[in-house]
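# Structural overview
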Amino acid sequence: MDSKTGKQHTADRYTIRVGSTYKQKGGQTHKVIKVFTHPEYAGNSNNFHHDVGILQLKDEIEFDETAQPTQLAYANDTICAGADTIVKGWGENPDHPKDQNHLYQVHLQASDKSTCQGDSGGALMYAKTGRQIGIVSYGASDCTAGYPSVFAKIQDNLDFINTVKAETGNMSRDEEKTTKC
């Protein structure tokens, strides 16, 4: 959904690339056939609460050594304050300002680093478990450390995610082993 206009983006706007760390080459590309936006998402009029979308692909992803599914956080996982997390995204990298076509990752704690312009939609991973605990919503436009990065919390959106999985027939589920501090 466009946060400025409030209009839903159509599926034909998106092509997904998996199995590559480059935006324009390598891996597999997949057409999107449907976009699911969280029904309670209302852009910045609601502080980007439930800033979550799911894209249904036309074809299944062929998993191999470069393309692997991401395991989502479980409802009862506890993420400790100051925990080591990893953000992956296509955003600007102050260390490589001319390279904006490469997927980067950065380790964050409560923190000396920030997400960057272009990282929105990227994964926030809990380093201890490797599970995805968040989705980049927004942060400082100039990658300035000390400014907060804002994430949509996976656990707060599991009902929506599981509803979409049921609707699309994709009900694969990992054995739930929760994590405590």
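Cut-offs used in this document
Residues numbered from 1 in each chain as written. Predicted model: local features only at pLDDT ≥ 70, side-chain atom pairs only at ≥ 80, totals over all residues. Heavy atoms only, no water. Helix = DSSP H or I, 4+ residues; strand = E, 2+ residues; numbered from the N terminus. Buried < 20%, exposed > 50% of the residue type's maximum accessible area, 1.4 Å probe, protein only. Contact = heavy atoms within 4.5 Å. Areas by Shrake-Rupley, 256 points an atom, 1.4 Å probe, with all protein chains shown as cover. Pairing = 2+ DSSP bridges. Axes fitted to C-alpha atoms, helices over the stretch in contact; angles between N-to-C directions. Arc of directions from axis to C-beta. Salt bridge = Lys/Arg side-chain N within 4 Å of Asp/Glu carboxyl O. Polar contact = N/O pair within 3.5 Å; in protein donor to acceptor, adjacent residues only side chain to side chain. Core = buried A, V, L, I, M, F, W, Y, C linked by side-chain atoms within 4.5 Å.

### Side note on the overall build of the chain
Broken down by element type, the chain carries one helix and eight strands. In the chain, the succession of helices and strands from N to C terminus is β-β-β-β-β-β-β-β-α. Taken across its 181 residues, the chain has 33% of its residues classed as buried. Counting only contacts in the chain whose residues sit at least 6 apart along the sequence, the fraction spanning at least 24 positions is 57%. A total of about 11,400 Å² of accessible surface is found on the chain, and carbon and sulfur atoms cover 46% of it.

### Describing the sheet that holds strand β4 (residues 85-89)
In spatial order, the strands read β5-β4-β6-β7-β8; together these five strands make up an open sheet with antiparallel pairing. The sheet is open, and its two edges are formed by β5 (104-108) and β8 (150-153), each paired on a single side. Here the average twist between neighbouring strands, direction ignored, is 30°.

### Considerations on helix α1 (residues 158-168)
Within α1 the residues assigned to the buried category are L158, F160, I161, V164 and K165. Seen along its axis, α1 keeps its buried residues to an arc of 165°; they face one direction. For α1, the exposed residues set more than 90 degrees away from the buried face come down to D159 and E167. Packed against the buried residues of α1 are β2 (28-37) and β3 (53-57). Just past α1, the residue G169 takes up positive phi, approximately 80°.

### Observations concerning unusual backbone geometry
The phi dihedral of H50 falls on the positive side, at around 60°, and the residue is not glycine. Within the secondary structure, H50 sits in the loop between β2 and β3.

### Observations concerning the pattern of salt bridges
Proximity of charged atoms lets side chains of opposite charge pair with each other. Under the definition given, this model contains two salt bridges. Between K34 and E167 there is a salt bridge; the shortest N-O distance is 3.3 Å. Residue K34 is found in strand β2, and its partner E167 is found in helix α1; the two are separated by 133 residues along the sequence. We classify E167 as exposed; its relative accessible area is 52%. Its salt-bridge partner being D77, residue R131 comes within 3.0 Å of it at the nearest N-O pair.

### Observations concerning the side chain of H30
One can find H30 in strand β2. Among the residues examined, H30 registers a relative accessible area of 6% and is labelled buried. Separated by 3.0 Å, the side chains of H30 and Q28 make a polar contact.

### Observations concerning the nonpolar core
Counting 19 residues, the largest nonpolar core has I54, I154, F160 and I161 as its most contacted members. Among the elements of the structure, β6 (123-126), β7 (132-138) and α1 are those that each provide at least two residues to this core. Examining the composition of this core, we find that four residues originate from one element, α1, more than from any other. Excluding anything up to four places from it in sequence, I154 contacts L72, A73, Q132, I133, G134, I135 and I161.

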